[in-house]
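# Examination of the molecular architecture
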Amino acid sequence: MSAPYTKVLPDLEATAEWGAKIADALRPGDVVELKGGLGAGKTTLARAILGALGHAGEVPSPTFTIIETYDAPPLRVPVAHADFYRLEDPSEALELGLDDYREDAVLLAEWPDHAGGFAHEAGCLTIVLESAGESMGEGRVATVKPGRDWLERLP
Ligand SMILES: Nc1ncnc2c1ncn2[C@@H]1O[C@H](COP(=O)(O)OP(=O)(O)O)[C@@H](O)[C@H]1O
Ligand SMILES: [Mg+2]
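Anyway, here's the lowdown on the structure attached to this text.

Reading the values: rules and limits
Residues numbered from 1 in each chain as written. Chains lettered and ligands numbered in written order. Predicted model: local features only at pLDDT ≥ 70, side-chain atom pairs only at ≥ 80, totals over all residues. Heavy atoms only, no water. Donors = N, O, S within 2.8 Å, 3.2 Å for Na, K, Ca; no water. Helix = DSSP H or I, 4+ residues; strand = E, 2+ residues; numbered from the N terminus. Buried < 20%, exposed > 50% of the residue type's maximum accessible area, 1.4 Å probe, protein only. Near = heavy atom within 4 Å. Polar contact = N/O pair within 3.5 Å; in protein donor to acceptor, adjacent residues only side chain to side chain. Areas by Shrake-Rupley, 256 points an atom, 1.4 Å probe, with all protein chains shown as cover. 1 Å grid on protein atoms, 1.4 Å probe; cavity = no way out; pocket = protein on both sides within 12 Å on 5 of 7 lines; lining within 4 Å. Sits in = over half its atoms within 2 Å of the grid points. Nonpolar A, V, L, I, M, F, W, Y, C, P; charged D, E, K, R; others polar.

## Focus on the coordination of the magnesium ion (ligand 2)
At the metal site, the magnesium ion (ligand 2) is ligated by T43 (OG1) and E110 (OE), and these contacts range over 2.1 to 2.4 Å. Of the two residues, T43 sits in helix α2 (residues 42-53) while E110 sits in strand β5 (residues 106-110), which places them 67 residues apart along the sequence. Here the two residues T43 and E110 agree in accessibility, since each one is buried.

Okay, structure coming up:
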């Protein structure tokens, strides 16, 4: 892992723009860990990434289905968008067939710790979203912890 850094996201437009930068940098096999509490903006950032990868239309929150998949084409790379909140044990991620979903795809993972976490992977980009504070209104701040494979393509 290289040095963590922060990115301020004052509004939804900033999130969309940053999501597009992340999307441009993504390679098959990567995982983007989306951390932060309820309402932190995890699904919003996942939607921005999917839109920039070429997905038109809605992006349902995977809260209940746990994993939603998106094919390439029309996307530049296939994506599995997961929300692991409802898992009671990390072993359930494997039972869901996570390894198969991840083959040649990018994984966007909300509540990654519930699936055991992915930060040990070189292709993991960890993003922690929080409120940017009173003076920033609805804004968010993202703390980014890039894995080794991200050093030359930091978003
Ligand atoms: N950067 C941002 N600036 C302003 N509002 C945001 C930002 N990111 C997310 N939101 C808003 O926060 C709310 C919750 O976001 P959501 O992505 O559903 O959170 P989570 O998936 O973390 O529970 C949404 O109404 C969304 O529009
Ligand atoms: Mg969500």
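## Structural notes on the environment of D24
The topology assignment puts D24 in helix α1 (residues 12-25). Along the primary structure D24 and P155 are separated by 131 residues, whereas in three dimensions their C-alpha atoms are 8.8 Å apart.

## A look at the site of ligand 1
Taken together, 15 residues lie near ligand 1, and T15, G39, K42, T44 and R140 sit nearest. Between ligand 1 and the protein, one listed contact pairs an oxygen atom with a side-chain N or O atom of R140 at 2.7 Å. Taking 570 Å² as the accessible area of ligand 1 by itself, protein coverage stands at 74%. More than half of the atoms belonging to ligand 1 lie within 2 Å of the grid points that define the largest pocket. For the shell around ligand 1, the secondary structure elements donating two or more residues are α1 and α2. With three residues, α2 is the largest single contributor of residues to the shell around ligand 1. A per-class count over the shell around ligand 1 returns four nonpolar, six polar and five charged.

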